Amino acid sequence: MLIYAKQPINYIIKNHPERIKTLYLAKEIDKKEYSRLMKMNFEIKRIPSDAAGKMCKNASHQGILAEVDDFKLYDYQSFLNREFVLVLSGLTDIGNIGAIVRTAYALGVDAIIACGVKQLPFEGILRTSTGALYDMPFALESNIHNVMNDLKTSGFTTYGADMGGTDIRDVKVKQKRALFLGSEGEGLTSRVSSKLDEVVSIKMSHEFDSLNVSVAGAILMDRMRI
């Protein structure tokens, strides 16, 4: 996979240097930093800026790109002994998923299961999560109802985000819990919502349609910390 921009690459250099195959530099960097990088076990190549632009289809690469190991998915059933699992239902926006992964890792979520999609662009998610995807166990499972049933039979209490739900501040969250977040436009389907143990919401001080799913997810994840 190819990633680019300073934040995700610096994170991976610091936390997962073994995953880098080749580091591409498209502009000059500090000599001490270059010397430090040269001591690591990956190849470093200097390339022209226009070549870097072609590699990332003219996205903003900030002069640094890296070829890294592919992301390896987990089997979601390996998460059934965890305590806090996040389930994404039909989410496809790379920016939102990346932000959710980063927040989930920061707030102590144990694992993420993406449902309702057959595949996701993990190259982009790795970049938009600023590298945190490498630290977050992540699974794909197309059938969300199988996931919900397995979570429930494994002792999870299931919570789902919806504007009509109970204020999360009034909910006594159980130790073994799973938070379901719906897609950007549709939210959770009525079939999924009807099977949840509890539907929760974020009560706002002013009337507003809704919050972005990654923002709402961050607030709920924080308030569901135990």
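Residues numbered from 1 in each chain as written. Predicted model: local features only at pLDDT ≥ 70, side-chain atom pairs only at ≥ 80, totals over all residues. Heavy atoms only, no water.

### Let's talk about the nonpolar core
Line of reasoning, step 1. Core analysis: the largest hydrophobic core is formed by 51 residues, its most contacted members being Leu23, Leu86, Val101, Phe138, Leu179, Leu181 and Met221.
Line of reasoning, step 2. Residues Val87, Val147, Phe156 and Leu196 belong to the second largest nonpolar core, which totals 19 residues. (Core = buried A, V, L, I, M, F, W, Y, C linked by side-chain atoms within 4.5 Å. Buried < 20%, exposed > 50% of the residue type's maximum accessible area, 1.4 Å probe, protein only.)

### Let's talk about the packing of helix H4 (residues 94–106) against helix H8 (residues 213–223)
Line of reasoning, step 1. Look at H4 against H8: their axes get within 9 Å of each other, and the N-to-C directions meet at 15°. One way to sum up the angle between H4 and H8 is to call them roughly parallel. As for how H4 packs across H8, the hand of that crossing is right-handed. Between H4 and H8, the contacting residues are Asn96, Ala99, Ile100, Thr103 and Ala104 on the first element and Val213, Ser214, Ala218 and Met221 on the second.
Line of reasoning, step 2. Its residues assigned to classes, the contact of H4 with H8 comprises six nonpolar, three polar and no charged. (Axes fitted to C-alpha atoms, helices over the stretch in contact; angles between N-to-C directions. Helix = DSSP H or I, 4+ residues; strand = E, 2+ residues; numbered from the N terminus. Parallel < 35°, antiparallel > 145°, perpendicular 65-115°, else oblique. Left-handed = near helix turned anticlockwise from the far one by under 90°. Contact = heavy atoms within 4.5 Å. Nonpolar A, V, L, I, M, F, W, Y, C, P; charged D, E, K, R; others polar.)

### Some words on unusual backbone geometry
Line of reasoning, step 1. Phi is positive for Lys57, which is not a glycine, with a value near 55°.
Line of reasoning, step 2. Positionally, Lys57 belongs in the loop between helix H3 (49–55) and strand S4 (64–68).

### Brief notes about the environment of Glu184
Line of reasoning, step 1. By secondary structure assignment, the location of Glu184 is in the loop between strand S9 (177–181) and helix H7 (190–195).
Line of reasoning, step 2. Sequence-wise, Glu184 and Asp167 are 17 residues apart; in three dimensions their C-alpha atoms are separated by 20 Å.
Line of reasoning, step 3. Each residue touching Glu184, except ones within four places of it in the same chain, is listed here: Gly90, Leu91, Thr92, Asp93, Asn96 and Val213.

### Some words on a nonpolar patch on the surface
Line of reasoning, step 1. Where nonpolar side chains cluster on the molecular surface, the patch consists of Met163, Met204, Leu211 and Val215 and spans about 320 Å² of accessible area.
Line of reasoning, step 2. Relative to the assigned elements, Val215 resides in helix H8.
Line of reasoning, step 3. The partly exposed category is assigned to Val215, whose relative accessible area is 39%. (Patch = residues over 30% accessible without salt bridge, like charges linked within 9 Å, V, L, I, M, F, W, Y side chains within 5 Å. Areas by Shrake-Rupley, 256 points an atom, 1.4 Å probe, with all protein chains shown as cover. Salt bridge = Lys/Arg side-chain N within 4 Å of Asp/Glu carboxyl O.)

### A few points about the sheet that holds strand S6 (residues 111–115)
Line of reasoning, step 1. Pairing is parallel across the open sheet formed by six strands, whose spatial order is S7-S6-S5-S9-S8-S10. Each edge of the sheet is formed by a strand with only one pairing partner; in this case those strands are strand S7 (138–141) and strand S10 (198–201). The average undirected angle you get between the axes of adjacent strands in this sheet is 30°.
Line of reasoning, step 2. Contacts from H4 reach strand S5 (84–89), S6, S7 and S9, with the element oriented near 175° to S5.
Line of reasoning, step 3. Running at roughly 165° to S9, H8 makes contact with S5, strand S8 (157–167), S9 and S10 of the sheet. (Pairing = 2+ DSSP bridges.)

### Some thoughts on the sheet that holds strand S1 (residues 2–4)
Line of reasoning, step 1. In space, the four strands of this open sheet follow the order S1-S4-S2-S3, with mixed pairing throughout. Unpaired on one side and paired on the other, S1 and strand S3 (43–46) mark the two borders of the sheet. In this sheet, neighbouring strand axes are inclined to one another by 20° on average, regardless of whether the strands run parallel or antiparallel.
Line of reasoning, step 2. Pairing analysis gives three bridges linking S1 to S4, with the strands arranged antiparallel.

### Thoughts on the pattern of salt bridges
Line of reasoning, step 1. Following the criterion strictly, the structure yields five salt bridges and no others.
Line of reasoning, step 2. The salt bridge partner of Glu28 is Arg46, with a shortest N-O separation of 3.6 Å. Of this pair, Glu28 sits in the loop between strand S2 (20–25) and helix H2 (31–38) while Arg46 sits in strand S3, and the two are 18 residues apart along the sequence.
Line of reasoning, step 3. Residue classification places Arg46 among the partly exposed positions, given a relative accessible area of 42%.
Line of reasoning, step 4. For the salt bridge of Asp222 with Arg225, the shortest nitrogen-to-oxygen distance reads 2.9 Å.

Remember, this is a structural readout, not a statement about activity or role.
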